[in-house]
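Coordinate inspection notes
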Amino acid sequence: MSEPSAETGVTVPMAAEPGRVQRRIGIGFWLSMSWIVLVVLAAVLAPWLPLKDPDANYIVTGTRPPYGPSWTHPFGTDQDARDLFSRVIFGARTSLIIGFVAISFGMIIGGGLGIIAGYYRKWVDRTISVVMLILLSFPALILAILITSLIDRGLFTISVTLGILAIAPVGRLARAATLSFAEREFVTAARSLGASNGRIIVRELLPNVVIPMAALALLGMAVAIVAEGGLAFLGLSIEKGFTWGKLILYGAGARDLERAPWISFAPILVLFITVLALNYAGDRIRDYFDVKEISL
Amino acid sequence: MNYLFQRLAMAVMLLLAVSALTFGGMNLLGDPLFNILGPVAADTSNPTSVAKIDAAKEKYYLDRPLPERYVRWLGDMVTGDFGVQFSSTGEPPVTNLLKERTPRTFQLLVLAQFMATAISIPWALIAAARVRRPTDRISTVTSFLLIALPNFALGIILKYLLGIKLGWFPLTYTASDPFFSRLHQLILPALTIALPAAAVYQRLLRTDLVTTLQEDFILMARSKGVPRRRVLVRHALRPSLFSFITVFGINTGALIGGSLIVETIFRVPGLGSAIVEAILREDFPVVLAIVMIATTTFVLVNIAVDLLYSVLDPRVRR
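Because the structure is predicted, anything quoted here is derived from the model rather than measured. (Residues numbered from 1 in each chain as written. Chains lettered and ligands numbered in written order. Predicted model: local features only at pLDDT ≥ 70, side-chain atom pairs only at ≥ 80, totals over all residues. Heavy atoms only, no water.)

Residues and elements named next belong to chain B. Counting buried positions along helix H12 (residues 271-280) yields eight of 10 residues, so the element is predominantly enclosed. Three or more residues of H12 are buried, namely Leu271, Gly272, Ser273, Ala274, Ile275, Val276, Ala278 and Ile279. One or two residues past the end of H12 sits Glu282, with phi positive at roughly 50 degrees. (Buried < 20%, exposed > 50% of the residue type's maximum accessible area, 1.4 Å probe, protein only. Helix = DSSP H or I, 4+ residues; strand = E, 2+ residues; numbered from the N terminus.)

Right, let's get into the nonpolar core. Taken as a class, soluble globular proteins show a tendency for nonpolar side chains to be buried jointly. A:Trp244 and B:Phe152 are the most contacted members of the largest nonpolar core, which has 176 residues in total. Beyond its immediate chain neighbours, meaning those up to four positions away, B:Phe152 contacts A:Val226, A:Gly229, A:Gly230, A:Phe233, A:Ile248, A:Leu271, B:Ile261 and B:Ile265. In terms of nonpolar packing, the next biggest core, distinct from the first, is built from six residues, A:Ala117, A:Val124, A:Ile128 and A:Met132 among them. (Core = buried A, V, L, I, M, F, W, Y, C linked by side-chain atoms within 4.5 Å. Contact = heavy atoms within 4.5 Å.)

Another point: the packing of aromatic side chains. Going through the model one piece at a time under the given rule, you end up with 13 aromatic pairs over all chains. Judged by centre distance (6.4 Å) and plane angle (55 degrees), the rings of A:Phe181 and A:Phe186 are tilted. Residue class for A:Phe181 comes out buried when judged on its relative accessible area of 16%. Residue classification places A:Phe186 among the partly exposed positions, given a relative accessible area of 28%. Look at A:Phe265 and B:Tyr160: their rings are 5.3 Å apart centre to centre, the planes differ by 65 degrees, and that puts the pair in the edge-to-face class. Placement of A:Phe265 in helix H11 (residues 262-288) and of B:Tyr160 in helix H7 (residues 151-165) is noted, with the two residues assigned to different chains. Residue classification places B:Tyr160 among the buried positions, given a relative accessible area of 14%. Ring pairs connect the aromatic residues B:Phe23, B:Tyr70 and B:Trp73, which therefore count as one cluster. Between A:Arg87 and the ring centre of A:Phe242, over which it is positioned, the NZ or CZ distance is 4.3 Å. (Phe/Tyr/Trp six-rings, centres within 6.5 Å; stacked < 30°, edge-to-face > 60°. Lys NZ or Arg CZ within 6 Å of the ring centre and 35° of its normal.)

Structurally, chain B comprises domain 1 (32-81) and domain 2 (100-317). Using only C-alpha atoms to locate each centre, domain 1 of chain B and domain 2 of chain B end up separated by 42 Å. (Domains from an automatic or database assignment.)

Moving on: a positive patch on the surface. Residue and element names in this part refer to chain B. Residues Arg130, Arg133, Arg222, Arg228 and Arg229 make up a contiguous surface patch of positive charge. Looking at where Arg229 falls in the secondary structure, it is placed in helix H10 (residues 228-236). Classification of Arg229 as exposed rests on a relative accessible area of 70%. (Patch = residues over 30% accessible without salt bridge, like charges linked within 9 Å, V, L, I, M, F, W, Y side chains within 5 Å. Areas by Shrake-Rupley, 256 points an atom, 1.4 Å probe, with all protein chains shown as cover. Salt bridge = Lys/Arg side-chain N within 4 Å of Asp/Glu carboxyl O. Lys, Arg positive; Asp, Glu negative; His and termini not counted. Charge placed at Lys NZ, Arg CZ, Asp CG, Glu CD.)

Empty pockets left among the atoms are what a rolling probe the size of a water molecule brings to light. Going through the model one piece at a time under the given rule, you end up with two cavities of 30 Å³ or more. Secondary-structure elements contributing two or more residues to the lining of the second largest cavity are helix H5 (140-150) of chain A together with helix H13 (284-312) of chain B. It is H5(A) that contributes the most residues to the lining of the second largest cavity, three residues altogether. Here the residues of the lining of the second largest cavity sort into six nonpolar, one polar and one charged. (1 Å grid on protein atoms, 1.4 Å probe; cavity = no way out; pocket = protein on both sides within 12 Å on 5 of 7 lines; lining within 4 Å. Points joined across faces, edges and corners; volume = space filled by probe spheres on them. Nonpolar A, V, L, I, M, F, W, Y, C, P; charged D, E, K, R; others polar.)

Turning our eyes to something else, we now look at the interface of chain B and chain A. Many analyses report the size of an interface as the accessible area lost when the parts associate. Opposite the 52 residues of chain B that make contact, chain A presents 49 residues. Summed over both partners, the interface of chain B with chain A buries about 4400 Å², with 81% contributed by carbon and sulfur atoms. Area buried by chain B at its contact with chain A is led by B:Phe144, B:Phe152 and B:Ile156, which between them contribute 14% of it. Our enumeration of links across chain B and chain A arrives at one salt bridge. Among the salt bridges present, the one from B:Arg203 reaches A:Asp283, with a minimum N-O distance of 3.7 Å. (Buried area = accessible area lost by both parts, 1.4 Å probe.)

What follows is the structure, given as structure tokens:
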């Protein structure tokens, strides 16, 4: 388990944690990554896997759905007798796309702005910092609600909206990381050799800033997947198709929860393990590369 | 004092920016006239519709330029009047709706933060007193799991276990019930918000406590013969509260967002359901009002947190 210290950037002196100078990434990291790879593979290959049709109604004549978990339906079925196992896997497609697009967007825009702010400083830094402050002072979910309600509720809009939420945290991290590298000797050396600003940013700073950002990318992907679930509960997730959030919501009513808890609990379980794996892997990368100053 | 003044000026600028962005965005991207009148708004051939359109434009000031409307709205808002709803009647005024809804969300959040504090401080003290021993390890794993659990998932799990299976708490909120039964109805939603928050606070506080416990004055207190428990609570806790308090403030924003979702799960008719309904009807004044309330609260809590620093630590005072 990772030390909480890195979570807030609060540094714990080494003396406080004797014998904990660990430089191994640990088995937990590989377990988490295996789960993530498994889910991603299942989601990508879903149409070619021997799964039941997620939209077909498997009603057994003479009985009323929902059916509990069984050999034919490992996760049970929902109220319309649709197979939950394949729905969870097909739902992963949309949820993962949203998470991936969101965090890529946040990384590119936020990371770019952060590096520029940290490298050029002065008024550039001040302007970008004010924009980030404004972004941060919106309660995140409310910003997401505003954008999705004003534009539309397509897959792309929702992903980009959640990506906008990632800009400020990613940007602050990239800025802090850039600030700590921009005065180092290798940057001065490159500059005195006549390298342009653009070249210094891309060739000297970016490779150093990417590692802390990778840890944040995994955490951010988890946050985006969860945020989509939150939007689903407000009735603001994507209109067509289904995601993990929408699947959970589908069984969340008091009556359904009482007689068929598996409708909600099957997607909750998969969502939870995935978020856990992303968080844990992100934490491990952060500890392994000794990244401070990350805050989400 | 100068510092406080700076913080307040900054807060005002921030709120202005947020309100201008929201106001502009909603008016440019949305279609206020359509939200007020419905399909009639597009029907410009029929003279009666045109009359209605003109009347509505007049009444809601839609014929004025955007900056003027913004300033008008801002002036009203500062005096506590959030204007009229974008519906055919404009009734009830947004302020009335907010007066009804805000206290519920406020109670929910206060109860949740209270629970989170009440859970996290003893939890962190116990963990810090047993650093690296099994109790501490288990508590670290527990908090990690709680943090990864999305609030809607936790809400459903609590609703299923404590509400349906054990029947300890009611599943819905009834606004007309007396105060104490409403409080009882708020416990499950508050707990849903409080548990992950408590986990976050516990993590921070434990780390800071572990650091503080290495300090010389703790050794001093111990060697004077002060009992362990008293050292923890009386000597170590106060200087360890800093990150806890900062995150307490920052987290308020996340909790406001979380409360919207939790309110829908447990059917608490607070600001959360109000903003969702307003968005679906594209009732912009209501959305704007709730965004402003949430943002203002968030900003004020963070200023309060800054002031608390100087109370807690005399070294920060100048």
